[in-house]
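Examination of the molecular architecture
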Amino acid sequence: MQLMAMGLVCLLLVCHVESNSILTLSSNCCYSFAEKEIPKKVIRCHKETSSICSHRAVVFQLKRGRQTCALKEHAWVQKYLSSLKSCLP
């Protein structure tokens with residue numbers, strides 16, 4: 001009986017760790033994107049989304065504390081990447 005209880009506890013711990021990993025990974029992906037070019041003066045820094053995401057995108061941290069995503073394939077995004085600093089992790 002103790003062995004069965006211990007096994008159940010281990011299973012629950014593994015499930016909990018796995019669910020937290022999934023949440024962490026999905027939070028590094030973008031699901032909606034800026035339609036128009038974002039004014040460069042309102043952008044503080046940028047970071048790229050995870051390579052496992054379905055879209056190659058960039059997350060721009062804006063000066064008023066908001067974030068927005070843009071597809072990396074846009075010419076204006078490529079131009080901004082070369083001149084803006086990366087956000088610290």
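Description of the structure in this document. (Residues numbered from 1 in each chain as written. Predicted model: local features only at pLDDT ≥ 70, side-chain atom pairs only at ≥ 80, totals over all residues. Heavy atoms only, no water.)

Position of Thr68 among the secondary structure elements: in strand S3 (residues 67-71). Spatially, the C-alpha atoms of Thr68 and Ile38 are 9.1 Å apart, while their sequence positions differ by 30 residues. Apart from the residues within four sequence positions on either side, Thr68 is in contact with Ala34, Ile38, Val58, Val59, Phe60 and Leu62. (Helix = DSSP H or I, 4+ residues; strand = E, 2+ residues; numbered from the N terminus. Contact = heavy atoms within 4.5 Å.)

The element strand S2 (residues 57-62) is largely enclosed, with a buried count of 6 among its 6 residues. Burial along S2 is two-sided: the face carrying Ala57, Val59 and Gln61 and the face carrying Val58, Phe60 and Leu62 are both buried. Relative to S2, strand S1 (residues 43-48) is paired through 5 bridges, and the arrangement is antiparallel. The residue bridging Glu48 from the neighbouring strand is Val58, located in S2. Here S2 runs beside S3; their pairing, made up of 5 bridges, is antiparallel. Note on S3: the bridge partner recorded for Val59 is Cys69. Counting the residues between successive antiparallel strands, the hairpin from S2 to S3 contains 4 residues, one of them, Gly65, with a positive phi of roughly 90°. (Buried < 20%, exposed > 50% of the residue type's maximum accessible area, 1.4 Å probe, protein only. Pairing = 2+ DSSP bridges.)

This part covers the state of the cysteines. Enumeration according to the criterion identifies 3 disulfides in this entry. Across a sulfur-sulfur distance of 2.0 Å, Cys30 and Cys69 are joined as a disulfide pair. Taking the sign of the torsion about the S-S bond as the criterion, the disulfide between Cys30 and Cys69, at about -65°, is left-handed. Note that Cys30 is positioned in the loop between helix H1 (2-26) and S1 and Cys69 in strand S3, a separation of 39 residues in sequence. The exposure class of Cys30 is buried, given its relative accessible area of 5%. Here Cys45 is linked by a disulfide to Cys87, with a sulfur-sulfur distance of 2.0 Å. Judged by the sign of its S-S torsion, about 95°, the cystine formed by Cys45 and Cys87 is right-handed. Taken together, the residues span a long stretch of sequence, with Cys45 in strand S1 and Cys87 in the segment after helix H2 (75-83) at a distance of 42 residues. When the bonded cysteines of the chain are numbered from the N-terminus onward, they pair as 1-4, 2-5, 3-6. (Disulfide = S-S within 2.5 Å.)

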